[in-house]
Amino acid sequence: MRVLIISDIHANLPAFETVLEHAQGDWDYAWCLGDVVGYGPNPNECCDLLKTLPHLCLAGNHDWAALNRLDIRTFNADARKAVTWTQETLTPENTDYLAALPTTFVLGQYTLVHASPREPIWEYILDPLIAALNFTQFETPVCLVGHTHTPVIYQRLNERGDTEAIPPAYGEPKDLSNQRLIINPGSVGQPRDNNPDAAYAILHVEDMVFEHRRVPYPVEKTQEMMRAVDMPDRLVTRLKHGW
Ligand code: ZN
């Protein structure tokens, strides 16, 4: 089975549509690692489109925020404003859809979570040290995570737990077999690695071959829709710069 791996769509329909078009014909099933909504202008459109795909989806912190499951006082003012708008905008059907999402999936060789195996909703795996601490928290060879919006592969090098970060090699398939890895596909709708292009990945599940991908999308379209619903300027601007 070939899987489309997407994460952190963040209610950005132009980015999501562009990824689906770019990946067309290359996958049979989609794994979505959470944060379908939050920040972006199209929470319902993104839930509706995702629901049309053969897929599974995990819950992210922004999905939980939209469900009022989190205390959003920990969010900054801009994020809080986006959360409130998302809560008011989501249809009851899409709120129910998000409410039913699980926090962890284990499928064969792969563990799937939004944030980290240790803290599936919250922890940011931002460096090899945090990754190293997480390798003891899942049983499968490979764990797929989102949440940081940065594509990367962390590899455990030895029994002592030394871990290194491998930057993404876009369009170059990588053999994952016989390794312990934590892999982040990057973010579809709000990249934060100083590259505004939408990020996703393709995984050949049984062969264990993985490929990071990147594709430009019409950022201005998303920005225009965000301005029309009065989203904070900082959130609009950051999409153009990918941070
Ligand atoms: Zn996110």
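Above this note sits the structure.
Overview of the structure. Every chain is numbered independently, its residues counted from 1 as its sequence is written. Reporting in this predicted model follows two pLDDT cut-offs: at least 70 for local features of residues, and 80 or more for side-chain atom pairs to be given and counted; totals over whole chains, interfaces and linings ignore these cut-offs and use all residues. In computing side-chain properties, one takes all heavy atoms of the structure into account and sets aside hydrogens as well as water.

Mapping L20 onto the fold places it in helix α1 (residues 13-22). Along the chain, L20 and I6 lie 14 residues apart, while their C-alpha atoms are 9.8 Å from each other. Note on contacts: a residue pair is in contact if any heavy atoms of the two residues lie within 4.5 Å. Not counting the four nearest positions on each side in its chain, L20 is found in contact with L4, W27, L49 and L53. Each helix corresponds to a stretch of at least 4 residues labelled H or I by DSSP, and each strand to a stretch of at least 2 residues labelled E; elements are numbered beginning at the N terminus.

This part takes up the nonpolar core. Considering soluble globular proteins, one finds that nonpolar side chains tend to be buried as a cluster. The term nonpolar core refers to a set of buried residues drawn from Ala, Val, Leu, Ile, Met, Phe, Trp, Tyr and Cys, joined through side-chain atoms within 4.5 Å. Exposure is judged per residue with a 1.4 Å probe applied to protein chains only, and the accessible area is read against the type maximum: over 50% gives exposed, under 20% gives buried, and values in between give partly exposed. Residues L4, I6, F16, V36, L50 and L98 are the most contacted members of the largest nonpolar core, which totals 49 residues. In contact with L4, not counting residues within four places along its chain, are V19, L20, A23, W27, Y29, A30, W31, Y200, A201 and I202. By size, the runner-up hydrophobic cluster in this structure holds 20 residues, among which are L56, Y110, I183 and A201.

Listed as protein donors to the zinc ion are D8 (OD), H10 (NE2), D35 (OD) and H149 (NE2); their distances from the metal cover 2.1 to 2.3 Å. One can describe the donor arrangement at the zinc ion as irregular, given that its 4 donor atoms subtend angles of 83 to 179° at the metal. Metal donors were taken as nitrogen, oxygen and sulfur atoms no farther than 2.8 Å from the ion, or 3.2 Å where the ion is Na, K or Ca. Water is excluded, so coordination may look unfinished. Each donor residue of the zinc ion lies on the same chain, and together they follow the pattern D-x1-H-x24-D-x113-H. With H10 in the loop between β1 (2-6) and α1 and D35 in the loop between β2 (29-32) and α2 (43-52), this pair connects stretches of sequence that are 25 residues apart. A relative accessible area of 1% means that H10 is categorised as buried. By the criteria applied here, four donors are tetrahedral when all angles lie between 85 and 135 degrees, four are square planar and six octahedral when opposite donors are over 155 degrees apart and every other angle lies between 65 and 115, and any other arrangement is irregular.

The next thing to look at is helix α8 (residues 233-241). Those residues of α8 that fall on the buried side of the exposure criterion are L235, V236, R238 and L239. Buried residues in α8, looked at end-on, bunch into an arc of 165°, giving them a common side. Among the structural elements, α4 (77-89) and α7 (219-228) are those in contact with the buried residues of α8. The arc in question is formed by the directions pointing from the helix axis toward the C-beta atoms.

With respect to topology, 6 strands assemble into an open sheet ordered β4-β5-β6-β10-β7-β8, the strand pairing being mixed. On the outer flanks of this sheet lie β4 (104-107) and β8 (163-166), each paired with one strand and no other. Ignoring strand direction, the axes of neighbouring strands in this sheet form an average angle of 20°. Where strand β7 (residues 152-156) meets strand β10 (residues 180-184), 5 bridges bridge the pair, whose relative direction is antiparallel. Only strands joined by at least two bridges in the DSSP assignment are considered to pair. To define axes, lines are fitted to C-alpha atoms, for helices over the stretch in contact only, and angles between the resulting N-to-C directions are given on a 0 to 180 degree scale.

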